[in-house]
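Structural features, examined
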Amino acid sequence: MNLYIKQIEQLIILQTVDDEILQLQDVIEQAPKKIAGLEEKMEIQGNQKSELLERIELLNQQKKKLYKEIEEDNAKIKKSKNKLMMVENSREYHAMMREMDNLEKTNRLREDEKVALEEDLESKNNLLQVVDKEVGQMEQEHSDLKKEMEIKTQEARDRLEQLGEERKKACQAIPAPILSRYEFIRHRLNNPIIAPVENSVCSGCHISIPPQIFIELQKGAQIMSCPNCQRLIFWKDHFEAEENAA
Ligand SMILES: [Zn+2]
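Residues numbered from 1 in each chain as written. Predicted model: local features only at pLDDT ≥ 70, side-chain atom pairs only at ≥ 80, totals over all residues. Heavy atoms only, no water.

**Brief notes about the pattern of salt bridges**
- A full pass over the atoms with the stated rule returns 18 salt bridges.
- With a shortest N-O distance of 2.7 Å, Glu20 and Arg159 are connected by a salt bridge. Highlighted residues: Glu20 in helix H1 (residues 3-84) and Arg159 in helix H2 (residues 90-172), separated in sequence by 139 residues.
- Its relative accessible area of 26% is what places Arg159 among the partly exposed residues.
- Taking the shortest distance from any N to any O, the salt bridge between Glu148 and Lys152 comes out at 3.2 Å. Placement of the pair is Glu148 and Lys152 together in helix H2, with a separation of four residues, close to one helical turn. (Salt bridge = Lys/Arg side-chain N within 4 Å of Asp/Glu carboxyl O. Helix = DSSP H or I, 4+ residues; strand = E, 2+ residues; numbered from the N terminus. Buried < 20%, exposed > 50% of the residue type's maximum accessible area, 1.4 Å probe, protein only.)

Written out as structure tokens, the structure is:
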């Protein structure tokens, strides 16, 4: 194989290897971010759950207090009813009746409050069940994601090691000045870095290269750059002929 073609081939390999390296580095970089994103959601949900638990605890305390008050006043009413039999004058009798009325009225209001409180408690407890289920699902999701990311990261690291070797091999076959031109373009332009020229048009910038330069390119003597976009270029036909021969 002609040396020129071999160098072009190695540049194309280098470009493919570098693309994959970037992609794998992104996989490694994104993994902890994905986990952190999920953990943030879990924290929000955890806070929601503790708020809900606090609210339920408060409602239960209210309920206990209310039950106690109802019970106490019912006892008072019962006691008054018994006393009523022994009352001697009507003034005292009416006073006791009024007191009992008030106690009964208060307890009726408390009964309404009790119903509302129990409804509230029931809906909060239902919500807690839903949140609990979601928390459980998220914990499962978190442990699955962690495992998945560990595997993906390890695979990426292994592959990167391989690619490092492939890169080294490709670089050895490319002259140093060409290699530094390659790096220069890589850091400034989008793919391709090494662009085929078809019908005298550079596939990197889609602009025709001057005839003089195209003639030079067709000779296949040295690696050239597109005068417009500065990308490394090669004549497509050269390469196809080589591919056919192979
Ligand atoms: Zn160009």
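**Side note on the environment of Leu117**
- Its location among the elements puts Leu117 in helix H2.
- The buried category is assigned to Leu117, whose relative accessible area is 10%.
- Sequence separation between Leu117 and Asn60 is 57 residues; the distance between their C-alpha atoms is 8.8 Å.
- Those residues in contact with Leu117 that lie beyond four places of it in its chain are Leu59, Gln62, Lys63 and Leu66. (Contact = heavy atoms within 4.5 Å.)

**Quick notes on the coordination of the zinc ion**
- Here the zinc ion is held by the protein donor atoms Cys202 (SG), Cys205 (SG), Cys226 (SG) and Cys229 (SG), which lie 2.3 Å from it.
- Taken together, the four donor atoms coordinating the zinc ion and their angles of 106 to 115° define a geometry best described as tetrahedral.
- For the zinc ion, all donor residues lie on one chain, and their spacing in sequence is C-x2-C-x20-C-x2-C.
- You can call Cys226 buried: its relative accessible area is 1%. (Donors = N, O, S within 2.8 Å, 3.2 Å for Na, K, Ca; no water. Tetrahedral: all angles 85-135°; square planar, octahedral: opposite > 155°, others 65-115°.)

**What to know about the confidence of the model for the protein**
- Averaged over every residue, the pLDDT of the protein is 94; residues scoring 70 or more account for 97%.
- For the protein, the element scoring lowest by mean pLDDT is helix H5 (residues 236-245), at 75; strand E2 (residues 201-202) scores highest, at 97. (pLDDT = per-residue confidence, 0-100.)

**Structural notes on H2**
- Between its first and last C-alpha, H2 extends 118 Å over 83 residues, near the 123 Å set by a 1.5 Å rise per residue.
- N-capping of H2 is provided by Asn89, with a side-chain oxygen placed 3.1 Å from the backbone N of Arg91. (Expected span 1.5 Å × (residues − 1). Polar contact = N/O pair within 3.5 Å; in protein donor to acceptor, adjacent residues only side chain to side chain.)

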